[in-house]
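# Chain and residue survey
One-letter residues, chain by chain:
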Amino acid sequence: MIHAYQLNGYNIALDSNSGAVHLLDDTAYDCLALIDGDDFSPECPGHILQALAEQYAPEVIKEAYSDLFALYEAKTLFSEDTYAPFAEAMGPAPVKSMCLNVAHDCNLRCEYCFASQGDFGRGKKLMPFAVGRAAIDFMVKNSFGRRNLEVDFFGGEPLMNFGVVKRIVDYARSIEKEHKKNFRFTITTNGVLLNDAIIDYINKEMVNVVLSLDGRRDVNDNMRPSVNGKGSYDVIVPKYQSLVARRGGKQYYLRGTFTKENLDFSKDILHIYEDLGFDQVSVEPAVLAEDVPFSLRDEDFDAIAAEYERLADIVIAKKKAGEKLNFFHFQMELDGGPCAIKRLRGCSCGNEYVAVTPEGDIYPCHQFVGEDEWKMGNVLDGTLNAEMKQEFAKATVYSKQDCKNCWAKFYCSGGCNANNHQFNRSIYKPHRLSCELEKKRVECAIMIKVALL
Amino acid sequence: MKHVKTINNANLKESAHKGGCGECQASCQSACKTSCTVANQDCEKE
Ligand code: SF4
Ligand code: SF4
Ligand code: SF4
């Protein structure tokens, strides 16, 4: 399978199965559009010469054609799809990553919150330490031979239960050596409760910290008001700046959400970067039910795609000027990066990754929390629904029909199971708009690589 | 080649045989958290 596209003046051909990326001139690009990968003959067929006769001289077409044929012979164009047996062989894997919803409560009232303003529709609740400890024990046991274990403190707003966060970290650290594990902690926060002591703690213990901010003041405050209706921007921005200044270069992200109300989100990214001084930025589409007034819909695709292109131009210009702006979704390794096996089943939900509620209930991931039919077990009694785990383990890009035939499958790895379920009532059926946006981001990310060669 | 420039090593196939150790970060594509799409992750095989 190949994907050929034009962007920013570049003709790019991607060979999905080998991972090869080729930059083509116009003749080769036009030629490629006429080639049938299942019937690629060494000689340039007459119909191609004819079809392109008005644009190019026959010898030039033949030359371009044989360049493409050489790629085919080198198995970097129309290369064979040999991954299905690997996908079929995939089964349940150790639980190595956990989202701990330490607080089902929040001090903001974000309009797009998928967690019903923090409590997932279940009433406010903080995780007791005993549940956190049981969750750590559960993961140590169920991760079997895996060494690197991840714990993301999440909510609601995790800083509302920070004392327990610290106790959980201490507990995990106290047992990791004897079990030959290496815990990595991350936290996602809205920033409201940050203070110097918490900042220093986070900077010391958390390998990554995700700081929520949507961008410009009015954009942020429109979607991210506090309980009393006032915006959060002025409270959190100085705290984020202090955190990052004292972080010593460790990983962080300023993470925002865009909705229909800020389809010009590249301005928010620039604001975060240029005006506020954060160079690690991730701003992502809010995926919401269609009836939410500011939800992104199919008809918004063109505007969003154009905005991603604008953003790609900005990133290229900044990088060429030696600046460091890193937009998370344009970050991509064309050489190396994860192995093909990893790419077969991107989202680890319900299999290698689970979410745990303050009650200790286990759900496939944070987005399934609160939906009774998806409850998988509980860390206090050590139960885990093996059948459900199996269902998620089998959700690869080969069991999802749309993904199997998608050129982007080894970049996207099958999208978000929770979105799929939310929109299509099946974890196996990708949500179309999300797919289109993902593919656009991949196109831009590859184009940026080409532009910066 | 005059008309084509290949810009990377096409090593995905090879990686299928050597990979799958599972030590890298779990990934989540969703917008609501420390989301990590697959293509921008690091391999941690030792
Ligand atoms: S650490 Fe590397 S080889 Fe192992 S599963 Fe992850 S990407 Fe594959
Ligand atoms: S989820 Fe969509 S974009 Fe991703 S691989 Fe599947 S079909 Fe392609
Ligand atoms: S289902 Fe979606 S939200 Fe849940 S872990 Fe997977 S990608 Fe992330």
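Now for a description of the structure that goes with this document. All values derive from a computational prediction rather than experimental measurement.

### As for the nonpolar core
Residue and element names in this part refer to chain A. Formed by 113 residues in total, the largest nonpolar core has its most connected members in Leu100, Phe153, Ile202 and Ile446. Broken down by element, this core gets its largest block of residues, 10 residues, from helix H17 (residues 432-451). Residues Ala13, Cys31, Ile48 and Leu68 belong to the second largest nonpolar core, which totals 22 residues.

### Quick word on the site of ligand 2
Residue and element names in this part refer to chain A. Surrounding ligand 2, one finds Asp402, Cys403, Cys406, Lys409, Cys412, Gly414, Gly415, Pro430 and Cys435. Mapped onto the shell around ligand 2, the elements with two or more residues apiece are helix H14 (401-404) and helix H15 (409-412). For the shell around ligand 2, the per-class residue count stands at 5 nonpolar, 2 polar and 2 charged.

### Here we look at the site of ligand 1
The local shell around ligand 1 consists of A:Pro338, A:Cys339, B:Gly19, B:Gly20, B:Cys21, B:Gly22, B:Cys24, B:Cys43, B:Glu44 and B:Lys45. Near ligand 1, the surrounding residues belong to chains A and B. Looking at the shell around ligand 1 residue by residue, the classes come out as 5 nonpolar, 3 polar and 2 charged.

### Describing the interface of chain B and chain A
Taken residue by residue, the interface counts 41 residues in chain B and 75 residues in chain A. The contact between chain B and chain A buries some 4800 Å² in all, and 55% of this surface belongs to carbon and sulfur atoms. Applying the counting rule to chain B against chain A returns 2 salt bridges. Its salt-bridge partner being B:Glu44, residue A:Arg184 comes within 2.9 Å of it at the nearest N-O pair. Our count for the chain B to chain A interface comes out at 26 residue pairs in polar contact (both at pLDDT 80 or more). Of all elements in the fold, only strand S1 (4-6) and helix H1 (12-18) of chain B reach the threshold of two or more residues within the side of chain B that touches chain A. With 5 residues, the single largest contributor to the side of chain B that touches chain A is H1(B). Residue composition of the side of chain B that touches chain A, grouped by class: 16 nonpolar, 19 polar and 6 charged. In the sheet, strand S3 (residues 20-24) of chain A pairs with S1(B) via 3 bridges, with the strands oriented antiparallel. Bridging from a neighbouring strand, A:Leu23 pairs with B:Lys5 of S1(B).

### Brief notes about the side chain of A:Arg297
Residue and element names in this part refer to chain A. Positionally, Arg297 belongs in the loop between strand S10 (280-285) and helix H11 (301-320). Despite its burial, Arg297 remains without a salt bridge, the nearest opposite charge being carried by Glu299 at 4.0 Å. A distance of 3.1 Å separates the side chain of Arg297 from the backbone oxygen of Val292, its partner in a polar contact. Reaching out from Arg297, the side chain makes a polar contact with the side chain of Ser295 at a distance of 3.2 Å. Arg297 has contacts with Lys260, Glu290, Val292 and Leu433, leaving out every residue within four places of it along the chain.

### Some words on the packing of H11(A) against H17(A)
All names here are of chain A. Here H11 crosses H17 at 25°, and the two axes come no closer than 10 Å. Comparing the axis directions of H11 and H17 gives the class roughly parallel. Seen along the crossing, H11 lies across H17 with a hand that is right-handed. Listed contacts from H17 to Phe301, Ile304, Ala305, Tyr308, Glu309, Ala312, Val315, Ile316 and Lys320 of H11 are Leu433, Glu436, Leu437, Lys440, Arg441, Cys444, Met447, Ile448 and Ala451. Along the lines of polarity and charge, the residues of the contact of H11 with H17 split into 13 nonpolar, no polar and 5 charged.

### Some remarks on the pairing of strand S9 (residues 252-258) of chain A
All names here are of chain A. When you tally the buried positions in S9, you get 7 out of 7 residues, the bulk of the element. Taking every second residue as pointing to the same face, both faces of S9 are buried, with Tyr252, Leu254, Gly256 and Phe258 on one and Tyr253, Arg255 and Thr257 on the other. Pairing analysis gives 4 bridges linking strand S8 (residues 206-212) to S9, with the strands arranged parallel. Within S9, the residue paired with Leu211 across the bridge is Leu254.

### Things to note about the sheet that holds S3(A)
Sheets are built from strands paired through backbone hydrogen bonds, the pairs being either parallel or antiparallel. Strand order in this open sheet of 4 strands is S1(A)-S2(A)-S3(A)-S1(B), and the pairing throughout is antiparallel. Lying at the two open borders of the sheet, with one neighbouring strand each, are strand S1 (2-7) of chain A together with S1 of chain B. Sheet twist, expressed as the average angle between the axes of neighbouring strands with direction ignored, equals 25°. Each of S1, strand S2 (10-15) and S3 of chain A is contacted by H17(A), which is oriented at about 70° to S1(A), the strand it contacts most.

Definitions and cut-offs
- Residues numbered from 1 in each chain as written.
- Chains lettered and ligands numbered in written order.
- Predicted model: local features only at pLDDT ≥ 70, side-chain atom pairs only at ≥ 80, totals over all residues.
- Heavy atoms only, no water.
- Core = buried A, V, L, I, M, F, W, Y, C linked by side-chain atoms within 4.5 Å.
- Buried < 20%, exposed > 50% of the residue type's maximum accessible area, 1.4 Å probe, protein only.
- Helix = DSSP H or I, 4+ residues; strand = E, 2+ residues; numbered from the N terminus.
- Near = heavy atom within 4 Å.
- Nonpolar A, V, L, I, M, F, W, Y, C, P; charged D, E, K, R; others polar.
- Contact = heavy atoms within 4.5 Å.
- Buried area = accessible area lost by both parts, 1.4 Å probe.
- Salt bridge = Lys/Arg side-chain N within 4 Å of Asp/Glu carboxyl O.
- Polar contact = N/O pair within 3.5 Å; in protein donor to acceptor, adjacent residues only side chain to side chain.
- Pairing = 2+ DSSP bridges.
- Lys, Arg positive; Asp, Glu negative; His and termini not counted.
- Axes fitted to C-alpha atoms, helices over the stretch in contact; angles between N-to-C directions.
- Parallel < 35°, antiparallel > 145°, perpendicular 65-115°, else oblique.
- Left-handed = near helix turned anticlockwise from the far one by under 90°.

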